[in-house]
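Spelled out, the chains give:
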Amino acid sequence: METTREVKAVFSISGWDEQPYAETDGVKLAKARYTKSYRGDLEGASVTESLMVYCTEGSATFVELERFEGRVLGRSGSFVIHSEGEYRAGFADSRGHIVPGTGTGELRTLTGETPYRAGHAPEHPVVFRLAFT
């Protein structure tokens, strides 16, 4: 078993497609599909499916599944991250973990988690805590 280590990257978001599917008294449910590009210790791209609830005071809560494909510390493959979080005051705070059994290729045994904060900047730093088991 390898020790958990910090893996640093920067991501940018593109291709945001959001569709509302229910709204009552100012509370809106929506789903979004978007892509991210990563560079750094993670190199690659991902596709994310997100479900969101927008509250009347302007905050939002979300859950997401993100499929990453690329390289982590020089090892290639893919994996899925399950995240949940909140959007308040211009920032999304998220907590995510790699879903066990979703790794492929050289990332088959990858485990870990990633909290991050993203605002409206073009790029966002992220630190994963990962291990190969």
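Preceding this paragraph is the structure being described.
Bear in mind the structure is a predicted one, so any value in this text is a computation, not a measurement. (Residues numbered from 1 in each chain as written. Predicted model: local features only at pLDDT ≥ 70, side-chain atom pairs only at ≥ 80, totals over all residues. Heavy atoms only, no water.)

A. Seen up close, the pattern of salt bridges. What the rule picks out here adds up to eight salt bridges. A salt bridge links Glu49 to Arg33, with the shortest nitrogen-to-oxygen separation between them at 2.5 Å. One end of the pair, Glu49, is in strand E3 (residues 42-54); the other, Arg33, is in strand E2 (residues 27-40), and 16 residues separate them in sequence. Glu49 gets classed as partly exposed once you look at its relative accessible area, which sits at 40%. Classification of Arg33 as partly exposed rests on a relative accessible area of 44%. (Salt bridge = Lys/Arg side-chain N within 4 Å of Asp/Glu carboxyl O. Helix = DSSP H or I, 4+ residues; strand = E, 2+ residues; numbered from the N terminus. Buried < 20%, exposed > 50% of the residue type's maximum accessible area, 1.4 Å probe, protein only.)

B. Up close: the environment of Ser94. By secondary structure assignment, the location of Ser94 is in strand E6 (residues 91-98). A relative accessible area of 3% places Ser94 in the buried class. Residues Ser94 and Glu123, spaced 29 residues apart in sequence, show a C-alpha to C-alpha distance of 16 Å.

C. The pairing of E3, seen in detail. Pairing analysis gives 11 bridges linking E2 to E3, with the strands arranged antiparallel. Each residue of the ladder has a partner; that of Ala30, found in E3, is Met52. If you look at the hairpin formed by E2 and E3, you'll find one residue sitting between the two strands. Here 13 bridges tie E3 to strand E4 (residues 60-72), and the two strands are oriented antiparallel to one another. (Pairing = 2+ DSSP bridges.)

D. Seen up close, the nonpolar core. Counting 18 residues, the largest nonpolar core has Tyr38, Leu42, Val72, Phe79, Leu110 and Phe128 as the members making the most contacts within it. Within the residue set of this core, elements represented by two or more residues are strand E1 (5-24), E4, strand E5 (75-88), strand E7 (110-118) and strand E8 (124-132). If one sorts the elements of this core by residue count, E8 sits on top with four residues. Those residues in contact with Phe128, other than ones at most four positions away along the chain, are Arg5, Glu6, Val7, Tyr38, Leu42, Ile81, Glu113 and Thr114. Counting residues in hydrophobic clusters, the runner-up holds five residues, among them Ala32, Met52, Phe62 and Ala92. (Core = buried A, V, L, I, M, F, W, Y, C linked by side-chain atoms within 4.5 Å. Contact = heavy atoms within 4.5 Å.)

E. Geometry of the environment of Glu43. Here Glu43 lies in strand E3. With residues near it in sequence (within four places) discarded, Glu43 still touches Tyr38, Phe68, Glu69, Gly70 and Arg71. A distance of 2.9 Å separates a polar atom in the side chain of Glu43 from the backbone nitrogen of Gly40. (Polar contact = N/O pair within 3.5 Å; in protein donor to acceptor, adjacent residues only side chain to side chain.)

F. Quick look at the sheet that holds E7. Overall, antiparallel pairing links the eight strands, which are arranged E1-E2-E3-E4-E5-E6-E7-E8 in a closed barrel. Direction aside, the axes of adjacent strands within the sheet are offset by 25° on average. (Axes fitted to C-alpha atoms, helices over the stretch in contact; angles between N-to-C directions.)

G. Molecular detail of the pairing of E2. Here 13 bridges tie E1 to E2, and the two strands are oriented antiparallel to one another. Across the sheet, Val10 pairs through a bridge with Arg39, a residue of E2. Taking the residues that link successive antiparallel strands as the turn, the E1-E2 hairpin has two residues, and the phi of Asp25 there is positive, at about 50°.

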